[in-house]
Every structure is written in C-alpha cells, then in structure tokens.
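Results of the structural survey
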Amino acid sequence: ATVTDHVASLPHAVAVSEGETPLRVAGTSPLEAVLELDSSRCDECFVIDRSGDAFTVRAGGIAGALYGVAQLMEWHGWRFAHPFDTCVPAEPVLSIDAQLGVDFAPEMSRRGYHPHTLHPIEAMYDVWGDPDPTRAKTMLDWVVRNRGNYVQWPGLDNIGGDTLSRDVWRESTATVIEAAHDRGMTVGVGVQLFGQSNLQLAYDLLDSSDTEAEDQAAMLERWSILTDGVPWDEVSLSFGEFFSADPDTFIGRVTMAYDTLQEVAPGTA
C-alpha cells in the first residue's frame, strides 16, 4: 500500500497495485515494471533489469523499492526538482545512460532534509501546528524520490502552554511520522536547551537554569509534552549561544537532557 500511495501521487507516472509480490506496476504512461522483494539485498538496495519492454525492480525493502521506481522514472525523463512540481517527460524514453543490471546501494547511511520551521516557510505549515498530512506526505515522497531516508525539523514553543493546539499537533504529527516510517524513513525533531539562548520561537527545555532538581523536573515536563504519543526517532539538541551558563553547568545540563529524554521516551537517539 505504501508503494501504491507513493507513486499514485506522481503525474502521468506508474501506479502500483496492491497484493503479493511481485507487484504489478502499470500506469498512464507506456512505462511498466514489476517489483520484487529480495531479502538478500539491503533494505535500501535495488537493481533494475529489462526483458523486452518489461522492467523488473528487485529491492531489499520498501525504501529500495521506492528508490528503484524513482530511478526507473529518472531514466525515462522524470525529474523530482520540487515537492509540488515534478518535471514530466512528454514521451518517456529510456536514457542511453541507464545502468540496467547494476546493483545500487547507498554510499552514505544518512541522506536527509531539514525544513527550517523556525521561519515561516511553506514547509512549516506542512509539518507543524496542525500539519496537512497530504502536503506532508508529498514532501516525504519528494525526499524519498531523491533517495533520502531522514527528515528533521525544529520544534516550536507554541505547544508548551496551549493544550488544545498541543493535542491537535500530536495527532497530526504522529500521522506524518507514521507515513515517514512507512516509507523507510526516520524522523527527528530539533530542541533548544536553554531558553535564554532562544532568540526565535524554538521549543526549549529550560526557561532558566536553576537547581539541578528544578531543571530535571522542568526537562521531564518539556520532554513529556514533546514526545507523548509522538514517536520521534531522534532529537537534535541545539544550544544557541548558551550564554549565562558556566562550562560545568552547560555540560551537566546536556547530560541531564539526554538522561531525562531516556526516562520519558526510552530508545530515542
């Protein structure tokens, strides 16, 4: 179903039917292929073969299958330059540079995209507040078509005091993260440590640095707000200029941030 959803959003492209593998790929273009899952390959690995007019994409997992479909389309003239503006060939023609029969494997383990939600860019409205799952999934699909496997955005502090906004945000964000996981991606959120270093509207853990006990309680509360019902894979901790914190306090609060995160959301990296 994930492969179906992924390619169905492409204009004049292939579409994938649901069912047991091999999955039949047939669409509004002359381009047709069959997807086969091959457990001997890594999840992100794939190879594309051709027999006559038919193509076969053999992949180790869902990510490899999506990468293989994107690669096959690129060899026929599609270009994925923008999440909402795919370049579609007037007539798909296989490129003479197509590397049929070649095993593709990623050279880097992480290939990510960071929509910088601290500024009111378009993507902010897709992944924060009350995200539009349709637009968010389109963004995720675009990252996958460019062979990405990770997306991360900074959290904003509006969910701290407004419980209604928080509840809406949790449900919508969990939906977006689930869609990313279905595509073989991991998702991270950016958090700022000290509020006095927060010169924008980032989500932070401490409004001010007080005693260890007070800071620990504050962090546990802030982590709970951010992670309860929202299955982040990773957290990126930033510091701003971290002024007014002596070196020992700074190092201690970084350690405390990790320890309290593990207490609230065990296993989050």
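Preceding block: the structure.
Just so it is clear, the model here is predicted, and its values are computed rather than measured. (Residues numbered from 1 in each chain as written. Predicted model: local features only at pLDDT ≥ 70, side-chain atom pairs only at ≥ 80, totals over all residues. Heavy atoms only, no water.)

**A closer look at the side chain of Asn149**
On the secondary structure map, Asn149 appears in the loop between helix 4 (133–145) and strand 7 (150–154). A polar atom in the side chain of Asn149 sits 3.0 Å from the side chain of Glu44. In this structure, Asn149 is in contact with Glu44, Tyr67, Ser109, Arg110, Arg111, Gly184, Met185 and Thr186, ignoring residues within four places of it in sequence. (Helix = DSSP H or I, 4+ residues; strand = E, 2+ residues; numbered from the N terminus. Polar contact = N/O pair within 3.5 Å; in protein donor to acceptor, adjacent residues only side chain to side chain. Contact = heavy atoms within 4.5 Å.)

**Some points on the packing of aromatic side chains**
Here the structure, examined in full by the defined rule, presents eight aromatic pairs. Aromatic pair Trp75 and Phe104: ring centres 6.1 Å apart, planes at 55°, arrangement tilted. Here Trp75 is found in helix 2 (residues 62–75), whereas its partner Phe104 is found in strand 5 (residues 103–104), with 29 residues between them in sequence. As far as burial versus exposure is concerned, Trp75 and Phe104 are alike and both buried. Between the aromatic rings of Trp169 and Trp232, the centroid separation amounts to 6.4 Å while the plane-to-plane angle is 35°, which identifies the pairing as tilted. Of this pair, Trp169 sits in helix 5 (residues 163–182) while Trp232 sits in the loop between helix 6 (212–227) and strand 10 (234–238), and the two are 63 residues apart along the sequence. Comparing Trp169 with Trp232, the two get one shared label, buried. Its end group placed over the ring of Tyr150, Arg110 keeps NZ or CZ at 3.9 Å from the ring centre. A cation sits over an aromatic face here: Arg135 above Phe84, 4.2 Å from the ring centre. (Phe/Tyr/Trp six-rings, centres within 6.5 Å; stacked < 30°, edge-to-face > 60°. Buried < 20%, exposed > 50% of the residue type's maximum accessible area, 1.4 Å probe, protein only. Lys NZ or Arg CZ within 6 Å of the ring centre and 35° of its normal.)

**Observations regarding the pairing of strand 4 (residues 54–59)**
Pairing between strand 2 (residues 33–37) and strand 4: five bridges, direction parallel. Note on strand 4: the bridge partner recorded for Ala33 is Phe55. (Pairing = 2+ DSSP bridges.)

**Thoughts on the nonpolar core**
It is characteristic of soluble globular proteins that their nonpolar side chains tend to be buried jointly. Counting 61 residues, the largest nonpolar core has Trp223, Leu226 and Trp232 as its most contacted members. A total of nine residues in this core trace back to one element, the largest contributor, which is helix 2. (Core = buried A, V, L, I, M, F, W, Y, C linked by side-chain atoms within 4.5 Å.)

**Focus: the environment of Gly195**
The topology assignment puts Gly195 in the loop between strand 8 (186–194) and strand 9 (204–206). The exposure class assigned to Gly195 is buried, which follows from its relative accessible area of 17%. Counting along the chain gives 13 residues from Gly195 to Ser208, while the straight-line C-alpha distance between them is 6.2 Å. In this structure, Gly195 is in contact with Asp204, Leu206 and Asp207, ignoring residues within four places of it in sequence.

**Examining a negative patch on the surface**
A cluster of like negative charges, contributed by Asp130, Asp132, Asp167 and Glu171, occupies part of the molecular surface. Residue position: Asp167 is located in helix 5. (Patch = residues over 30% accessible without salt bridge, like charges linked within 9 Å, V, L, I, M, F, W, Y side chains within 5 Å. Areas by Shrake-Rupley, 256 points an atom, 1.4 Å probe, with all protein chains shown as cover. Salt bridge = Lys/Arg side-chain N within 4 Å of Asp/Glu carboxyl O. Lys, Arg positive; Asp, Glu negative; His and termini not counted. Charge placed at Lys NZ, Arg CZ, Asp CG, Glu CD.)

**Topic: the side chain of Glu44**
Inspection of the secondary structure puts Glu44 in the loop between strand 2 and strand 3 (46–51). Here the side chain of Glu44 touches Arg111 through a polar contact of 3.1 Å, side chain to side chain. The residues touching Glu44, leaving out its near neighbours within four places in the chain, are Ala63, Gly64, Tyr67, Phe104, Pro106, Arg111 and Asn149.

**Overview of unusual backbone geometry**
Despite not being glycine, Arg147 has its phi angle at roughly 70°, a positive value. Mapped onto the fold, Arg147 is located in the loop between helix 4 and strand 7.

**A look at the environment of Thr173**
Take Thr173: it is sitting in helix 5. Judged by its relative accessible area of 0%, Thr173 falls in the buried class. As for Thr173 and Asp126, which are separated by 47 residues in sequence, their C-alpha atoms are 9.7 Å apart. Thr173 has contacts with Val127, Pro131, Trp153, Val230 and Trp232, leaving out every residue within four places of it along the chain.

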